[in-house]
Amino acid sequence: MDFLDVSTILQVSALFNLMAALAWLVLAQSFRIAPRASRLMAAVHLTRLLTQGCTECMAGWPALLRDSLTEFGLLGCLALLLLAVRRMLRSRQRAHDVAWVSGLGALGIAVGLSQPATVIAALSSTAAATVLAALATREVVRCAGSELSRTVGALTTLPFIAMVLMGLAHGAELLTDPGWAARSMASTSPSAARASLWLLITVSTTLSLIALMIWRVVTRIQHLTYRDPLTGALNRRAFEQALESAQAQLQRGHGFALAMIDIDHFKRINDQHGHQAGDAALQHCVRIWQANLREVDRLGRLGGEEFCALLPLAPGSDLSSAAAVAERLRTGLAAQPLRWRGLTMPLSASFGVALPVVGDAQGEIGLVRADAELYRAKTEGRNRVCVATPLGGTP
Ligand SMILES: Nc1nc2c(ncn2[C@@H]2O[C@H](COP(=O)(O)OP(=O)(O)OP(=O)(O)O)[C@@H](O)[C@H]2O)c(=O)[nH]1
């Protein structure tokens, strides 16, 4: 079958690698999307292009040179790929782990090729490539579910798992049939099945990493749209949207409470230590409050040093449970002063807690009532939680 002709497969592969390298370079240079990771990916494809290319180009080359290119090229590709994945995921994978594995693999290849023991070279490159693919798999799995969505995580993991399995299978093949490496060295091209498999893995790895980049760009845009850039809390618009949908849920019996929060004497921090200290204080407060809130709670920055927490109430719980959450936020902040440039600044905040009103589509009445309690907390001496009397009921 013409389609399975090795030379055609290798030419398709070369063309794909060339196009992919160009696409990554455009992402890096023109769109400035993860430029370092994109440049590394371009390098992966160019290395692949150089080492695999088309069989005709390498047919006349000395076997040793051809084999060195193939083995070192494969190792280089995987090392660059792992470095790119590491950058894309901003993972904690240490770069010198990559250097160690690649260095040992390269040493094994050099030793193997310097003697008539090609199996050592093939085994070294296969072992190092398998470990590098396993490290990449581990990184993606580690990020799936936290920094990565599960679907994108699964999609990105598959080609790396395939690489690990291929590496293991090839290693077993080399160990059980040591003559394989010598035969492969004598032949100028891989088998059609092997070339197709590599093409498939190259294409799926590229597509899954492009999906990962798109996912990252989309999440970044969402973050910029919905989050306050300084503190990472929801911005006013996003908080108002969350409040509106919580009000809609209220009709169906899903209760919630609002805790209006204002940092005490915040102006003094700005006046005494400058705006940067004020910014650090805002970030410090949000960090502490987010750590003390559940995932379902929403913390929004309404402006300046004023925040509001939207606290969904479990069935059967009432205003007192929301007051307990506000109290936890208050004590959490009071217990952890801000340490900034060698200074220790005690911080506190005042809280006003109120329940929303059914039928108030925008949630404005609840906000006004929580704000009134916040005002009371300020006038009663600050660093306290004041709770509104439920409308038409006892406190
Ligand atoms: N550093 C910094 N300061 C901000 C930001 N937004 C608002 N501010 C400052 O926050 C201060 C708010 O001061 P006030 O409204 O007087 O409140 P306060 O000093 O906290 O006093 P009380 O609320 O009565 O305890 C003002 O000085 C604003 O300039 C910001 O993003 N960064």
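Now for a description of the structure that goes with this document. (Residues numbered from 1 in each chain as written. Predicted model: local features only at pLDDT ≥ 70, side-chain atom pairs only at ≥ 80, totals over all residues. Heavy atoms only, no water.)

Quick look at the packing of helix 12 (residues 275-292) against helix 13 (residues 319-335) now. Relative to each other, helix 12 and helix 13 sit at 135 degrees, their axes nearing to 9 Å. Here helix 12 lies oblique to helix 13, going by the angle between them. The hand of the helix 12/helix 13 crossing is right-handed. Contact with helix 12, carried on its side by His284, Cys285, Ile288, Trp289 and Asn292, involves Arg328, Leu329, Gly332 and Leu333 of helix 13 and no other residues of that element. Class assignment of the residues belonging to the contact of helix 12 with helix 13 gives a composition of 5 nonpolar, 3 polar and 1 charged. (Axes fitted to C-alpha atoms, helices over the stretch in contact; angles between N-to-C directions. Helix = DSSP H or I, 4+ residues; strand = E, 2+ residues; numbered from the N terminus. Parallel < 35°, antiparallel > 145°, perpendicular 65-115°, else oblique. Left-handed = near helix turned anticlockwise from the far one by under 90°. Contact = heavy atoms within 4.5 Å. Nonpolar A, V, L, I, M, F, W, Y, C, P; charged D, E, K, R; others polar.)

A negative phi holds for most residues other than glycine; trans holds for most peptide bonds. Within the chain, Arg32 stands out as a residue other than glycine whose phi angle is a positive 55 degrees. With respect to the helices, strands and loops of the structure, Arg32 is situated in the loop between helix 1 (6-29) and helix 2 (35-52). The phi angle at His265 is positive, at roughly 45 degrees, despite the residue not being glycine. Among the structural elements, His265 can be located in the loop between strand 1 (256-263) and helix 11 (266-273). Owing to a relative accessible area of 34%, His265 belongs among the partly exposed residues under this scheme. (Buried < 20%, exposed > 50% of the residue type's maximum accessible area, 1.4 Å probe, protein only.)

Bringing the packing of aromatic side chains into the picture now. All chains considered together, the criterion is met by 2 aromatic pairs. Each ring, one from Trp289 and one from Phe307, has its centre 5.4 Å from the other, and the planes form 70 degrees; the classification is edge-to-face. One end of the pair, Trp289, is in helix 12; the other, Phe307, is in strand 3 (residues 306-312), and 18 residues separate them in sequence. Overall, Trp289 belongs to the buried group, its relative accessible area being 0%. (Phe/Tyr/Trp six-rings, centres within 6.5 Å; stacked < 30°, edge-to-face > 60°.)

In this section: the pairing of strand 3. In terms of burial, strand 3 is largely enclosed, as 5 of its 7 residues are buried. As paired elements, strand 1 and strand 3 share 7 bridges and run antiparallel to each other. Directly across from Phe256, in strand 3, lies its bridge partner Pro312. Pairing analysis gives 5 bridges linking strand 2 (residues 298-303) to strand 3, with the strands arranged antiparallel. Considered in strand 3, the bridge of Gly303 is made with Glu306. Adjacent in sequence and paired antiparallel, strand 2 and strand 3 are bridged by 2 residues, among which Gly304 carries a positive phi angle near 50 degrees. (Pairing = 2+ DSSP bridges.)

What follows covers the packing of helix 4 (residues 63-89) against helix 9 (residues 192-226). Relative orientation of the contacting elements helix 4 and helix 9 amounts to 15 degrees, with a least axis distance of 11 Å. Viewed along their axes, helix 4 and helix 9 adopt a mutual orientation that is roughly parallel. The way helix 4 lies across helix 9 gives a crossing that is left-handed. For the pair helix 4 and helix 9, contact is made by Leu74, Leu81, Val85, Arg87, Met88 and Leu89 and by Trp198, Thr205, Leu209, Leu212, Met213 and Arg216, respectively. Of the residues in the contact of helix 4 with helix 9, the class split is 9 nonpolar, 1 polar and 2 charged.

Looking now at the pattern of salt bridges. Under the defined criterion, the tally for this structure stands at 12 salt bridges. Across the salt bridge formed by Glu327 and Arg330, the nearest N and O atoms sit 2.7 Å from each other. Here Glu327 and its partner Arg330 are both found in helix 13, 3 residues apart, which amounts to about one turn of the helix. Note on Glu327: relative accessible area 33%, which makes it partly exposed. When its relative accessible area of 15% is taken as the criterion, Arg330 is described as buried. What emerges from the salt-bridge pattern is a single network uniting Arg138, Glu139 and Arg142. (Salt bridge = Lys/Arg side-chain N within 4 Å of Asp/Glu carboxyl O.)

Residues in close proximity to the ligand total 16 residues, the closest being His265, Phe266, Lys267, Asp279 and Arg301. Taking Ile263, its main chain carries an N or O atom lying 3.1 Å from an oxygen atom of the ligand. Taking Asp279, its side chain carries an N or O atom lying 2.7 Å from a nitrogen atom of the ligand. Contact with the protein chains hides 67% of the accessible area of the ligand, taken as 670 Å² for the molecule alone. Elements with a minimum of two residues in the shell around the ligand: strand 1, helix 11 and helix 12. Tallying contributions element by element places helix 12 first for the shell around the ligand, with 4 residues. Classifying every residue of the shell around the ligand gives 3 nonpolar, 5 polar and 8 charged. (Near = heavy atom within 4 Å. Polar contact = N/O pair within 3.5 Å; in protein donor to acceptor, adjacent residues only side chain to side chain. Areas by Shrake-Rupley, 256 points an atom, 1.4 Å probe, with all protein chains shown as cover.)

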